[in-house]
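Residue-level structural notes
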Amino acid sequence: MTDIIAVGMIGLVAALLAVQMKSLRAEYAVYVVLAAGVVIAFYMTAKLEILVRMFERFLMELPVDEAYILALLKMMGITYVVQFCSGLCKDAGYSGMAGQIETFGKLTVLSVSVPVVLALLDTVRSFLYANV
């Protein structure tokens, strides 16, 4: 609970500082937001570590191919990084760049998910032919 309060306060203070600095020197406002984003990213890594341990436990308990869990973790990481970078670009006033980053992220997630989708199709095909 204290983590969420700390992250909220960091974000709030950074936003207030950025608003104040924007009238003086706009580039400093971007630096303040970027620094706050990096600090918040360190808080996120602790939470992501918990998720990784949970997925490792799933791998031990369930007969799931490790490649599927790794693909899922990659997709989660890609979406978080893309969202973070896109948000920074939007805050800096570069929404066109943010859109390009988001499009690249979507294509990357799609390419990472292809093996999982193919395995799903193979499973469905095996069920269809097993019942015929």
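Structure: above.
Scoring rules and cut-offs
Every chain is numbered on its own, with residues counted from 1 as its sequence reads. Per-residue local features are limited, in this predicted model, to residues with pLDDT of at least 70; the limit for side-chain atom pairs, both in listing and counting, is 80 or more; totals at the level of whole chains, interfaces and linings are taken over all residues. Only hydrogens and water are set aside when side-chain values are computed; all heavy atoms of the structure are taken into account. By definition, any uninterrupted DSSP run of H or I lasting at least four residues is a helix, any uninterrupted run of E lasting at least two residues is a strand, and each is numbered from the N terminus. Residue contacts are counted whenever heavy atoms from the two residues lie within 4.5 Å of one another. Only rings of Phe, Tyr and Trp enter the pairing, Trp through its six-membered ring, and a pair is recorded when the two centres are within 6.5 Å. The plane angle decides the type: under 30 degrees is stacked, over 60 is edge-to-face, the rest tilted. Note on exposure labels: buried denotes an accessible area under 20% of the residue type's maximum, exposed denotes more than 50%, and partly exposed covers the range between, all computed with a 1.4 Å probe on protein chains only. The axes used here are C-alpha line fits, helices contributing only the stretch in contact, and every angle between their N-to-C directions lies in the interval 0 to 180 degrees. Under this scheme an angle from 65 to 115 degrees is roughly perpendicular, one under 35 degrees roughly parallel, and one over 145 degrees roughly antiparallel; angles in between are oblique. When residue character is reported, Ala, Val, Leu, Ile, Met, Phe, Trp, Tyr, Cys and Pro are called nonpolar, Asp, Glu, Lys and Arg charged, and the others, Gly included, polar. Buried Ala, Val, Leu, Ile, Met, Phe, Trp, Tyr and Cys residues that are joined via side-chain atoms within 4.5 Å together make up what is termed a nonpolar core.

1. Description of the side chain of Ser86
Assignment of secondary structure puts Ser86 in helix 3 (residues 66-91). When neighbours within four sequence positions are excluded, Ser86 is seen to be in contact with Ala98, Ile101 and Glu102.

2. Points about the packing of aromatic side chains
This structure, assessed with the given rule, holds one aromatic pair. Judged by centre distance (6.3 Å) and plane angle (45°), the ring pair of Tyr28 and Tyr31 falls under tilted. Linking Tyr28 with Tyr31, this pair stays in helix 2 (residues 26-61), spanning three residues, or about one helical turn. Since its relative accessible area comes to 41%, Tyr28 is described here as partly exposed.

3. Structural notes on the packing of helix 3 against helix 4 (residues 95-130)
Two numbers describe how helix 3 lies on helix 4: the axes approach to 8 Å, and their chain directions differ by 175°. By the angle between their axes, helix 3 is roughly antiparallel relative to helix 4. Contact with helix 3, carried on its side by Tyr68, Ala71, Lys74, Met75, Ile78, Thr79, Val82, Cys85, Ser86, Cys89 and Lys90, involves Ser95, Met97, Ala98, Ile101, Glu102, Gly105, Thr108, Val109, Val112, Ser113, Val116 and Ala119 of helix 4 and no other residues of that element. Residues of the contact of helix 3 with helix 4, tallied by class, amount to 14 nonpolar, six polar and three charged.

4. Quick look at the nonpolar core
Among the nonpolar cores identified, the biggest contains five residues, and these are Ala71, Met75, Ile78, Val82 and Val112. Of all the elements, helix 3 adds the most residues to this core, at four residues. Not counting the four nearest positions on each side in its chain, Val82 is found in contact with Ile101, Glu102 and Gly105.

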